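Here's the letter readout for the chains.
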Amino acid sequence: FGFMLGSLLAATVISPLLGGWRNVFFVYGAVALFFSLLWWTTQEKEQGNTNQSSGHASIGAALRYVTSIPNVWFLALATMGVGSCVGATLGYLPLYLRAQGWSTTSADSALASFHAVSMLCAIPIALLSDRLGVRRGILMAGAAMVTTGVIMLALTHGSLVWVAVIIAGMMRDGFMAITMTSMIEVKGVGARYAGSATGFLMAWGGLGNVIAPPLGNSLASFSPNAPFFLWAGMAAAGFCMYLFLKKDTGATR
């Protein structure tokens, strides 16, 4: 919901109201800081820390352990491919649509519709995964839909852009929810190493988000739609990573 409101209002309403993008970032940062302070004042204090610490692995030991598990790598690399595709596409899409003659409002609305359909589908997709006891299959479906939607963005115009955005966006938040759950369910991770494994996953995802936008944007000088093909290829590579996952991932029953 926050993604949807931000993409819908930030450029067309909040930025003009505050006098530019720089002030938007200041306000967003202040909001984040405010909630961080609230969180700090309400956090629980650990008790019995001395007795519990003997069961905790050091950061280095935990990372060495989780990186020795093949499924952790496959999940992390798959998420890197799909997530970097989504992040780069979302940053480029409004600018691309404006260059194609769309109004600022329409371009931002297309971006907001991505988040809207993702919001609506997140809980049903996660519940379906729990009901079926299936993780990998739904993750692969999500990667395939993202790939398909982004390729369609490169090839279509007009009203078909909305169809492409919806296809690419349906699985985004549900995909991430199932990804986090799948990482914790990897055999050998569990509650003990959930934080380290999830951090490893997010680190690779962050690396993809750093690399993908400039790589794709560098292709825009050849053709405005060329970046979409590169990013779709990254999502397709992520899809391939799921093929190597062992079946112990997502054993929910």
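Structure shown above.
Student: Describe the packing of aromatic side chains, and please don't skip the residues or the numbers.
Tutor: Aromatic ring pairs are defined here through the distance separating the ring centres and the angle between the ring planes. According to the stated counting rule, one finds 14 aromatic pairs in the structure shown. On the basis of an interplanar angle of 35° and a centroid distance of 5.8 Å, the ring pair of Trp-21 and Phe-25 is categorised as tilted. One end of the pair, Trp-21, and the other, Phe-25, are both in helix α2 (residues 21-42), four residues apart, so they sit about a helical turn from each other. Assessed through its relative accessible area of 42%, Trp-21 is described here as partly exposed. Stacked on the ring of Phe-3, the Lys or Arg Arg-172 has its end atom at 4.8 Å from the ring centre.

Student: Help me get a handle on the layout of surface pockets, residues and values and all.
Tutor: The computed volume of the largest pocket comes to approximately 750 Å³. In terms of lining residues, the largest pocket is bounded by 34 residues, among which Phe-3, Gly-87, Leu-90, His-115 and Arg-172 are the most central. Looking at the lining of the largest pocket, the elements that each hand over two or more residues are α1 (2-18), α2, α5 (70-99), α6 (104-132), α9 (172-185) and α10 (194-217). Looking at the lining of the largest pocket element by element, the count peaks at twelve residues for α5. Class assignment of the residues belonging to the lining of the largest pocket gives a composition of 18 nonpolar, twelve polar and four charged.

Student: Let's hear about the pattern of salt bridges: which residues, and what values?
Tutor: If you walk through the whole model with that rule in mind, you get four salt bridges. As a salt-bridge pair, Arg-98 and Asp-108 come within 2.8 Å of each other at their nearest N and O atoms. Linking Arg-98 in helix α5 with Asp-108 in helix α6, this pair joins segments that are ten residues apart in sequence. For Glu-185, the salt bridge goes to Arg-135, with nearest N and O atoms at 3.0 Å. Placement of the pair is Glu-185 in helix α9 and Arg-135 in the loop between α6 and α7 (136-155), with a sequence separation of 50 residues.

Student: I'd love a proper account of the packing of α5 against helix α11 (residues 226-242), names of residues and values included.
Tutor: Packing of α5 against α11 brings their axes to within 7 Å, and their N-to-C directions diverge by 160°. The pairing of α5 with α11 is recorded here as roughly antiparallel in orientation. The way α5 lies across α11 gives a crossing that is left-handed. A per-class count over the contact of α5 with α11 returns 18 nonpolar, five polar and no charged.

Student: Any details on a nonpolar patch on the surface? Residues and values, ideally.
Tutor: Nonpolar side chains collect at one region of the surface, where Leu-17, Leu-18, Val-27, Tyr-28, Val-31, Phe-34, Phe-35 and Leu-38 lie side by side and expose about 740 Å² of accessible area between them. For the nonpolar patch, the elements supplying multiple residues, two or more each, are α1 and α2. Per-element accounting of the nonpolar patch gives the leading share, six residues, to α2. Note on placement: Tyr-28 falls in helix α2. Take Tyr-28: its relative accessible area is 35%, and that puts it in the partly exposed class.

Student: Go over the side chain of Ser-15, please, and point to the residues and values.
Tutor: Mapped onto the secondary structure, Ser-15 falls in helix α1. Note on Ser-15: relative accessible area 9%, which makes it buried. Sequence-distant contacts of Ser-15, that is, excluding residues within four places in its chain, are made with Ala-10, Gly-20, Trp-21 and Val-24.

What counts as what
Residues numbered from 1 in each chain as written. Predicted model: local features only at pLDDT ≥ 70, side-chain atom pairs only at ≥ 80, totals over all residues. Heavy atoms only, no water. Phe/Tyr/Trp six-rings, centres within 6.5 Å; stacked < 30°, edge-to-face > 60°. Helix = DSSP H or I, 4+ residues; strand = E, 2+ residues; numbered from the N terminus. Buried < 20%, exposed > 50% of the residue type's maximum accessible area, 1.4 Å probe, protein only. Lys NZ or Arg CZ within 6 Å of the ring centre and 35° of its normal. 1 Å grid on protein atoms, 1.4 Å probe; cavity = no way out; pocket = protein on both sides within 12 Å on 5 of 7 lines; lining within 4 Å. Points joined across faces, edges and corners; volume = space filled by probe spheres on them. Nonpolar A, V, L, I, M, F, W, Y, C, P; charged D, E, K, R; others polar. Salt bridge = Lys/Arg side-chain N within 4 Å of Asp/Glu carboxyl O. Axes fitted to C-alpha atoms, helices over the stretch in contact; angles between N-to-C directions. Parallel < 35°, antiparallel > 145°, perpendicular 65-115°, else oblique. Left-handed = near helix turned anticlockwise from the far one by under 90°. Patch = residues over 30% accessible without salt bridge, like charges linked within 9 Å, V, L, I, M, F, W, Y side chains within 5 Å. Areas by Shrake-Rupley, 256 points an atom, 1.4 Å probe, with all protein chains shown as cover. Contact = heavy atoms within 4.5 Å.

Purely geometric numbers; function is a separate question.
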